[in-house]
Amino acid sequence: MEKHQSDKENTICTTAALMLTQVRTLKTTFDASFHQAITSGEAPDVLRAQTDKAQLLSAMALLQNN
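Residues numbered from 1 in each chain as written. Predicted model: local features only at pLDDT ≥ 70, side-chain atom pairs only at ≥ 80, totals over all residues. Heavy atoms only, no water.

Draft legend 1. Structural context of the environment of Val 23. In this structure, Val 23 sits in helix α1 (residues 2-40). Taking relative accessible area as the criterion, Val 23 reaches 14% and is therefore assigned buried. Each C-alpha atom of the pair Val 23 and Leu 57 lies 8.7 Å from the other, and the pair is 34 residues apart in sequence. Once residues within four sequence positions are removed from consideration, Val 23 is found in contact with Leu 56, Ala 59, Met 60 and Leu 63. (Helix = DSSP H or I, 4+ residues; strand = E, 2+ residues; numbered from the N terminus. Buried < 20%, exposed > 50% of the residue type's maximum accessible area, 1.4 Å probe, protein only. Contact = heavy atoms within 4.5 Å.)

Draft legend 2. View of the packing of aromatic side chains. Here the structure, examined in full by the defined rule, presents one aromatic pair. Where Phe 30 meets Phe 34, the ring centres are 5.6 Å apart and the plane angle is 40°; that geometry is what we call tilted. Linking Phe 30 with Phe 34, this pair stays in helix α1, spanning four residues, or about one helical turn. Here Phe 30 falls in the buried class, since its relative accessible area comes to 16%. For Phe 34, a relative accessible area of 43% translates into the label partly exposed. (Phe/Tyr/Trp six-rings, centres within 6.5 Å; stacked < 30°, edge-to-face > 60°.)

Draft legend 3. Examining the nonpolar core more closely. Core analysis: the largest hydrophobic core is formed by five residues, namely Val 23, Leu 26, Phe 30, Leu 56 and Ala 59. Of all the elements in the fold, those that place two or more residues in this core are α1 and α2 (43-65). Examining the composition of this core, we find that three residues originate from one element, α1, more than from any other. (Core = buried A, V, L, I, M, F, W, Y, C linked by side-chain atoms within 4.5 Å.)

Draft legend 4. Focus on the pattern of salt bridges. For the structure on display, the rule yields two salt bridges. Residue Lys 27 pairs with Asp 31 through a salt bridge whose shortest N-O separation is 2.7 Å. With Lys 27 and Asp 31 both in helix α1, this residue pair falls four residues apart, about one helical turn. Among the residues examined, Lys 27 registers a relative accessible area of 40% and is labelled partly exposed. By relative accessible area, which is 35% here, Asp 31 ends up partly exposed. With its nearest N and O atoms 3.1 Å apart, the salt bridge here joins Asp 52 to Arg 48. (Salt bridge = Lys/Arg side-chain N within 4 Å of Asp/Glu carboxyl O.)

The analysis is restricted to geometry; functional conclusions fall outside its scope.
Next up, the structure:
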């Protein structure tokens, strides 16, 4: 019984670690696109930053709900 519980806990930890890595990557991407949008003020750059922010927030919500 303990082995099964340990495997389940390992799976949960591995999943959380992967999700955290994804959030960190998305945060780095958003930081860069946000800086570009602020610097240029161009509509495509602003749109990209908004898209990156939405992806980041989505991944963070997924992590929070798991």
